[in-house]
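Observations on chain architecture
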Amino acid sequence: QDLGYFLGPTPGTANGPLARAMGPVIENVIHSPNEPTAKDNIVVTATITQSHSMVNSVALHYRVMYGNEVTISMNDSGADGDIAADDGVYSASLTATDLNAALVASGGASGKLGGKMIRYYVTAEDVDGETSRAPVFLDPTGSAEYFGTVAIDASVNTSIPFYQWFTEDEAA
């Protein structure tokens, strides 16, 4: 018998390939505050649930603008930004100092985090080595690679909604 799960729905077409093993389930990934300033620490939380085997580790991968990714552990200990121990909600705190250091490492100016993009994703691994990622990012052209936010730029003072468009290559 062929057992597994599908990576996505396939209405009106043949079922896609089966994935054989599934890592922990990652849900409810959020950050707080929703609209951080350049001086705020950002706490990222995610609900992690065992799928087949016990959860072994959870990590937050983040980057500022187009800099290198930085990986830190998330915890469910009731400390270091986590509200309650052993509730399945894992947390990690991105301090303003850490974010500024990531900005400087990417070539940005120190203390100029306002208006900059902060992106992240969460991974979880079980004791059998099976991993999960949120957002899933199955298709580079059709799915989100990161969750994220933009640090409020204190120099922009308007009641008119505005959009920010980020490009890695300004000449593009």
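Our subject is the structure listed above.
Below, the structure is looked at part by part. (Residues numbered from 1 in each chain as written. Predicted model: local features only at pLDDT ≥ 70, side-chain atom pairs only at ≥ 80, totals over all residues. Heavy atoms only, no water.)

Further remarks concern the overall build of the protein chain. Along its length, the protein chain carries one helix and ten strands. Starting at the N terminus and ending at the C terminus, the protein chain contains elements arranged as β-β-β-β-β-β-β-α-β-β-β. Projecting the C-alpha coordinates of the protein chain onto the three principal axes gives extents of approximately 60 × 40 × 30 Å. Per-residue burial over the protein chain gives 31% buried out of 172 residues. Summarising the internal contacts of the protein chain: among those between residues at least 6 apart in sequence, 58% fall at separations of at least 24. Of the accessible surface of the protein chain, which amounts to about 10600 Å², a share of 52% is contributed by carbon and sulfur atoms. Considering the protein chain, the positive charge centre built from 7 side chains and the negative charge centre built from 21 side chains are found 11 Å apart. (Helix = DSSP H or I, 4+ residues; strand = E, 2+ residues; numbered from the N terminus. Buried < 20%, exposed > 50% of the residue type's maximum accessible area, 1.4 Å probe, protein only. Contact = heavy atoms within 4.5 Å. Areas by Shrake-Rupley, 256 points an atom, 1.4 Å probe, with all protein chains shown as cover. Lys, Arg positive; Asp, Glu negative; His and termini not counted. Charge placed at Lys NZ, Arg CZ, Asp CG, Glu CD.)

Moving on, we come to the side chain of serine 132. Position of serine 132 among the secondary structure elements: in strand E9 (residues 131-134). Relative accessible area serves as the criterion here: at 16%, serine 132 is assigned to the buried category. Among the polar contacts made by the side chain of serine 132, one reaches the main-chain carbonyl oxygen of proline 24 at a distance of 2.5 Å. Ignoring anything within four residues of it in the chain, the contact list for serine 132 reads Gly23, Pro24, Ile26, Val122, Thr123 and Ala124. (Polar contact = N/O pair within 3.5 Å; in protein donor to acceptor, adjacent residues only side chain to side chain.)

Spatial ordering of the open sheet is given by E3-E4-E7, a layout of three strands whose pairing is antiparallel. Because the sheet does not close on itself, it has two edges, and the strands there are strand E3 (25-32) and strand E7 (89-94). Mean inter-strand twist for the sheet, computed between neighbouring axes without regard to direction, equals 20°. When strand E4 (residues 42-49) meets E7, the two strands line up antiparallel, connected through six bridges. Bridge pairing links alanine 46 to tyrosine 90 in E7. (Pairing = 2+ DSSP bridges. Axes fitted to C-alpha atoms, helices over the stretch in contact; angles between N-to-C directions.)

The topology assignment puts asparagine 100 in helix H1 (residues 96-105). On the basis of relative accessibility, which here comes to 19%, the residue asparagine 100 falls in the buried class. Within the structure, asparagine 100 has its side chain in polar contact with the side chain of serine 110 (distance 3.2 Å). Asparagine 100 has contacts with Ala109, Ser110, Gly111 and Lys112, leaving out every residue within four places of it along the chain.

Looking along a regular strand, one sees side chains alternate from face to face of the sheet. Where E3 lies against E4, six bridges are found, and the strand directions are antiparallel. Residue pairing for E4: serine 32 is matched across the bridge by valine 43.

A contiguous nonpolar surface patch, about 300 Å² in accessible area, is contributed by Leu7, Val136 and Leu138. Mapped onto the secondary structure, leucine 7 falls in the loop between strand E1 (5-6) and strand E2 (18-19). (Patch = residues over 30% accessible without salt bridge, like charges linked within 9 Å, V, L, I, M, F, W, Y side chains within 5 Å. Salt bridge = Lys/Arg side-chain N within 4 Å of Asp/Glu carboxyl O.)

Any functional reading would require information that these geometric values do not contain.
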